[in-house]
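Summary of structural features
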Amino acid sequence: MHDKILAEQVESGAAQWVEGPEQFERMPEEYRDLVVHQMMAHTEGELSGADDYLELFYPMTDDPYEKKVCCERGAEEVDHFRKGAKVLADVGKDASFMLDIPLQDRSLYATEAVKRIDNWPERGFFSMLGEAAVLEILKEMAESSYKPVADMCPGVIKEERVHVAHGFRIIRDLCQTPEGRQQAQRALLRWWPVSLDVFGRSESKRSRLYVKWRLRKYTNEQARDRFIEAMVPRLQQLGLDVPDSTANRRFL
């Protein structure tokens, strides 16, 4: 298939997939750059997720079960990194350098708010809200026009759902007492804007290009609005007051 015809069919939806590296190389530079940027950020984020669990959360708890969970989650996140690195390697991009960069110095997937977590309620919201926001983006990537990305996602999504559910249980259990609910409310004030910022800038040109090439289904703003609509009732059911969705945000 002629390169231009392939690109036109992918953009229009007439072609379901860019099947793999051979067809990938025949796609326009814009498409290739978007896939590489998306996967570099995703892959670094998964590696940082492993370090979050092992470097930050594991020392934070004396509960043997929670320590076990941190180890399991760390192993899963490293495996997610391996899967992302394989997609990148197949198109000639090496992600192994990320392994030599300390958590505090990684920059592709911003984790400044995570690095400042110092209490268990915020650890709970890291999963219930932060990982839930990432999960929504992964669900879009599972329908990516680049087939290796779509193929990578189902197993990752299955495990991330477990991460999110565990965070929900932490917050739900906290909210069983007035004191615990107050702790959760304080943590929510910080983590609500952080989780909304995961989606990026509403006016991002790149997010519109992702939609154009069917690498994502929604723009950043659309994805964030869907997340808010789904999450607000869940938080309210726990007896929590949801902050203004425009307050304390980095990316509007």
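Preceding this paragraph is the structure being described.
Keep in mind the model is a prediction, meaning the values are calculated, not measured. (Residues numbered from 1 in each chain as written. Predicted model: local features only at pLDDT ≥ 70, side-chain atom pairs only at ≥ 80, totals over all residues. Heavy atoms only, no water.)

**As for the pattern of salt bridges**
If charged atoms from side chains of opposite charge come close, those side chains can pair. Using the criterion set out here, one finds 14 salt bridges in the structure. Note that aspartate 79 is salt-bridged to arginine 82, the shortest N-O span being 2.5 Å. Of this pair, aspartate 79 and arginine 82 both sit in helix 4 (residues 64-89), three residues apart, which is roughly one turn of the helix. The partly exposed category is assigned to aspartate 79, whose relative accessible area is 24%. When its relative accessible area of 52% is taken as the criterion, arginine 82 is described as exposed. Here arginine 216 ties to glutamate 140 by a salt bridge, and the two come within 3.1 Å at their closest N and O atoms. Remark: glutamate 140 occurs in helix 6 (residues 120-141) and arginine 216 occurs in the loop between helix 9 (205-212) and helix 10 (220-237); sequence separation between them is 76 residues. Of the two residues, arginine 216 and glutamate 140, both sit in the buried class. (Salt bridge = Lys/Arg side-chain N within 4 Å of Asp/Glu carboxyl O. Helix = DSSP H or I, 4+ residues; strand = E, 2+ residues; numbered from the N terminus. Buried < 20%, exposed > 50% of the residue type's maximum accessible area, 1.4 Å probe, protein only.)

**Quick word on the packing of aromatic side chains**
Applying the stated criterion across every chain, the model contains nine aromatic pairs. Seen from their ring centres, phenylalanine 57 and phenylalanine 126 are 4.9 Å apart, and the 70° between their planes marks the pair as edge-to-face. Separated by 69 residues along the polypeptide, phenylalanine 57 in helix 3 (residues 29-57) and phenylalanine 126 in helix 6 bring together distant segments of the chain. Residue classification places phenylalanine 57 among the buried positions, given a relative accessible area of 0%. With a centroid separation of 6.3 Å and an interplanar angle of 25°, the aromatic rings of tryptophan 192 and phenylalanine 227 are classed as stacked. Taken as a pair, tryptophan 192 in helix 8 (residues 178-197) and phenylalanine 227 in helix 10 lie far apart in primary sequence, 35 residues in all. The residues tryptophan 192 and phenylalanine 227 share a single accessibility class, namely buried. By way of ring pairs, the aromatic residues Phe24, Tyr31, Tyr146 and Trp213 are connected into one cluster. Against the face of tryptophan 17 rests lysine 147, its NZ or CZ located 5.7 Å from the ring centre. (Phe/Tyr/Trp six-rings, centres within 6.5 Å; stacked < 30°, edge-to-face > 60°. Lys NZ or Arg CZ within 6 Å of the ring centre and 35° of its normal.)

**Observations concerning the packing of helix 8 against helix 10**
The contact between helix 8 and helix 10 brings their axes to 10 Å, and the two run at 155°. Put simply, helix 8 runs roughly antiparallel to helix 10. Along this stretch, helix 8 crosses helix 10, giving a crossing that reads as right-handed. Two secondary-structure elements touch here, helix 8 through Leu188, Trp192, Ser195, Leu196 and Asp197 and helix 10 through Arg224, Phe227, Ile228, Met231, Val232 and Leu235. A breakdown of the residues in the contact of helix 8 with helix 10 according to their chemical character gives eight nonpolar, one polar and two charged. (Axes fitted to C-alpha atoms, helices over the stretch in contact; angles between N-to-C directions. Parallel < 35°, antiparallel > 145°, perpendicular 65-115°, else oblique. Left-handed = near helix turned anticlockwise from the far one by under 90°. Contact = heavy atoms within 4.5 Å. Nonpolar A, V, L, I, M, F, W, Y, C, P; charged D, E, K, R; others polar.)

**Examining the packing of helix 4 against helix 7 (residues 147-174)**
Where helix 4 contacts helix 7, the axes come no closer than 10 Å and their chain directions differ by 160°. With respect to helix 7, the axis of helix 4 lies roughly antiparallel. Between helix 4 and helix 7 lies a crossing of left-handed hand. For the pair helix 4 and helix 7, the contacting residues are Tyr65, Glu66, Val69, Arg73, Glu76, Glu77, His80, Lys83, Gly84 and Val87 in the first and Pro148, Val149, Met152, Val156, Glu159, Glu160, Val162, His163, His166 and Ile170 in the second. Tallied by class, residues from the contact of helix 4 with helix 7 come to nine nonpolar, four polar and seven charged.

**Examining the state of the cysteines**
One pass over the full model with this rule turns up zero disulfides. We note that cysteine 70 lacks a disulfide partner, and the nearest cysteine sulfur, in cysteine 71, lies 7.0 Å from it. You can call cysteine 70 buried: its relative accessible area is 0%. Overall, the relative accessible area of 40% leaves cysteine 71 in the partly exposed class. (Disulfide = S-S within 2.5 Å.)

**Structural notes on a negative patch on the surface**
On the surface, a cluster of negative charge is made up of Glu203, Glu221, Asp225 and Glu229. Locating glutamate 229 in the fold gives a position in helix 10. (Patch = residues over 30% accessible without salt bridge, like charges linked within 9 Å, V, L, I, M, F, W, Y side chains within 5 Å. Areas by Shrake-Rupley, 256 points an atom, 1.4 Å probe, with all protein chains shown as cover. Lys, Arg positive; Asp, Glu negative; His and termini not counted. Charge placed at Lys NZ, Arg CZ, Asp CG, Glu CD.)

**Things to note about helix 7**
Compared with the 40 Å implied by 1.5 Å per residue over 28 residues, the 41 Å span of helix 7 between its first and last C-alpha is a close match. If you look at helix 7, its biggest bend is around 30°, right at cysteine 153, and the proline proline 154 turns up within four residues after that. (Expected span 1.5 Å × (residues − 1). Bend = angle between axes of the 7 residues up to and from the residue.)

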